[in-house]
Amino acid sequence: MALSDDLERMEYVSKHGEAPYETVWPFSFNIFNDTVYVADFGTKSMKKFHKGIFCGDFLLSNANENRFALNDSLIFLSANTDSTSFLIIDKRYPDIQIPKGRVVREKTPFKTIISNRKHILYNKGKGIFSVSTCYPYIEQYNINGEYMKTFDVSSIPLIKEEMKYGEEFASDDKSVYIYIRDAYLANGSIYLLCSSRDSQDGYRVNTILELSIENEMELVSTYILPHGIYSSFCVSGEYLFASREVDGTTIEKIKISNAKK
């Protein structure tokens, strides 16, 4: 579904169904120019829609529901194993899907896999950024997927506090504590949607941290969304668009200056 930025006009890119031009279980998507790329878990494939018209698909060897990125020739797909965290896929030869990306080793392969799901972001000048969901690390890779640098964001007070809750799950081989729920790259910054605790120790997911990719992931701003729990978001020049699942799905448009803490 495509929604205009004034939240007034809506149109469908694809509909639910088992036909080749439909999607069964679309979990993640991204847009390049006029083409929408959809990771459809129901068919284990990447489907493409150009200006709302189905224009092809290819099978995926691996994928998860986190954000993926792309440019004019490559797709950087979040897809983790016990030793890698994303795939690089050439749009011209999509059957060749090259695993890349480092992981934090845990006690068992299964624990390593569930702990290393990443949001994959891309900037033309800076390359690939891998944002961990339950570790305080953002990794930078070049366009070929070669590791360049790790940014440790554990000194940010909100991250530090949530890491303490994550320690409760450290010894459990079958669960993890996800405190970075979503990530987005825009305006020279990486934005993180993070969980937190209020004054009554209540669980919330309504804080967005803005980190500068030009200045070593320095914390630029903190934004507080008006309600308690959000699942995803995106950023334009002046607005945050945030989604929360209440009585279906609600999308809120929030002026950035009004959300700044």
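Scroll up for the structure.
Engineer: Which parts of the structure should I look at to understand the overall build of the protein?
Structural biologist: Scanning the protein from terminus to terminus reveals three helices and 21 strands. Its C-alpha radius of gyration of 18 Å places the protein within 12% of the 18 Å reference for a compact globule of 261 residues. Dimensions of the protein, computed from the C-alpha atoms along their principal axes, are close to 50 × 45 × 35 Å. Residues classed as buried in the protein amount to 46% of the 261 residues present. Put simply, the protein has 30 plus and 35 minus side-chain charges, and the middle of one group is 2 Å from the middle of the other.

Engineer: Can you walk me through a nonpolar patch on the surface in this structure?
Structural biologist: Taken together, the side chains of L3, L7, M10 and I251 define a hydrophobic patch exposed on the protein surface, amounting to about 320 Å² of accessible area. Mapped onto the elements, L7 comes out in the loop between β1 (2-3) and β2 (10-11). Its relative accessible area of 31% is what places L7 among the partly exposed residues.

Engineer: I keep staring at the pattern of salt bridges and nothing clicks. Help me out?
Structural biologist: Side chains carrying opposite charge are able to pair once their charged atoms draw close together. Scanning all chains against the criterion turns up twelve salt bridges. Taking the shortest distance from any N to any O, the salt bridge between E161 and K164 comes out at 3.3 Å. In this pair, E161 and K164 are both assigned in helix α2 (residues 157-166), three residues apart and thus about one turn of the helix distant. A salt bridge links E252 to R244; the shortest N-O distance between them is 2.6 Å. With respect to burial, E252 and R244 carry one shared label: buried.

Engineer: Please explain the sheet that holds strand β17 (residues 203-212) as it appears in this structure.
Structural biologist: Hydrogen bonds between backbone atoms are what pair the strands of a sheet, whose relative direction is either parallel or antiparallel. Within the open sheet, the four strands sit side by side as β15-β16-β17-β18. Their pairing is antiparallel. Looking at strand neighbours, the two that pair on one side only are β15 (180-186) and β18 (219-224), the edges of this open sheet. On average, each strand axis in the sheet is inclined to that of its neighbour by 25°, with strand direction left out of account. Packed on one face of the sheet, α2 meets β15, β16 (189-197) and β17 and runs near 50° to β16.

Engineer: Even after reading the chapter, I still don't get unusual backbone geometry, so can you show me in this structure?
Structural biologist: With the exception of glycine, most residues fall at negative phi, and the peptide bonds are largely trans. The phi dihedral of K44 falls on the positive side, at around 55°, and the residue is not glycine. Among the structural elements, K44 can be located in the loop between β4 (35-40) and β5 (45-50). Owing to a relative accessible area of 61%, K44 belongs among the exposed residues under this scheme. Look at K51: it is not a glycine, yet its phi comes out positive at around 50°. Relative to the elements of secondary structure, K51 occurs in the loop between β5 and β6 (53-59).

Engineer: In this structure, what is going on with the pairing of strand β21 (residues 250-255)? I would like to understand it.
Structural biologist: The side chains of a regular strand alternate, residue by residue, between the two faces of the sheet. Sheet topology note: the strand β20 (residues 239-244)/β21 ladder contains six bridges and is antiparallel. Its bridge partner lying in β21, S243 is registered against I251. Taking the residues that link successive antiparallel strands as the turn, the β20-β21 hairpin has five residues, and the phi of D247 there is positive, at about 50°.

Engineer: Can you help me understand α2 in this one?
Structural biologist: Every α-helix winds through 3.6 residues per turn, so residues three or four apart in the chain are directed the same way. Of the residues making up α2, those classed as buried are L158, I159 and E162. The arc enclosing the buried residues of α2, seen along the axis, measures out at 90°, which places them on a common side. On its buried side, α2 packs onto β15, β16 and β17.

Engineer: I'm lost on the sheet that holds β5 in this one. Help?
Structural biologist: Read from one edge to the other, the open sheet built from four strands follows the order β3-β4-β5-β6, with strand pairing classed as antiparallel. With partners counted over all chains shown, the strands left at the sheet margins are β3 (26-32) and β6, one partner each. Taking the axes of each pair of neighbouring strands and ignoring which way they run, one obtains an average angle of 20° across the sheet. Of the pairings in the sheet, the one linking β4 to β5 comprises six bridges and is antiparallel in character. Note that in β5 the partner of V38 across the bridge is K47.

Engineer: For this particular structure, what's the right way to read the nonpolar core?
Structural biologist: Core analysis: the biggest nonpolar cluster contains 21 residues, and F129, V131, I138, I190, L192 and M217 have the highest contact counts within it. Mapped by element, the contributors of at least two residues to this core are β12 (127-132), α2, β15, β16 and β17. In contact with I190, other than residues within four places in its own chain, are L121, F129, V131, I138, Y184, L185, L209, E210, L211, I213 and M217. Core analysis: the next-biggest nonpolar cluster, separate from the first, contains 15 residues, A186, Y223, Y230 and L240 among them.

Calculation rules
- Residues numbered from 1 in each chain as written.
- Predicted model: local features only at pLDDT ≥ 70, side-chain atom pairs only at ≥ 80, totals over all residues.
- Heavy atoms only, no water.
- Helix = DSSP H or I, 4+ residues; strand = E, 2+ residues; numbered from the N terminus.
- Rg over C-alpha atoms; globule rule 2.2 N^0.38 Å.
- Buried < 20%, exposed > 50% of the residue type's maximum accessible area, 1.4 Å probe, protein only.
- Lys, Arg positive; Asp, Glu negative; His and termini not counted.
- Charge placed at Lys NZ, Arg CZ, Asp CG, Glu CD.
- Patch = residues over 30% accessible without salt bridge, like charges linked within 9 Å, V, L, I, M, F, W, Y side chains within 5 Å.
- Areas by Shrake-Rupley, 256 points an atom, 1.4 Å probe, with all protein chains shown as cover.
- Salt bridge = Lys/Arg side-chain N within 4 Å of Asp/Glu carboxyl O.
- Pairing = 2+ DSSP bridges.
- Axes fitted to C-alpha atoms, helices over the stretch in contact; angles between N-to-C directions.
- Contact = heavy atoms within 4.5 Å.
- Arc of directions from axis to C-beta.
- Core = buried A, V, L, I, M, F, W, Y, C linked by side-chain atoms within 4.5 Å.

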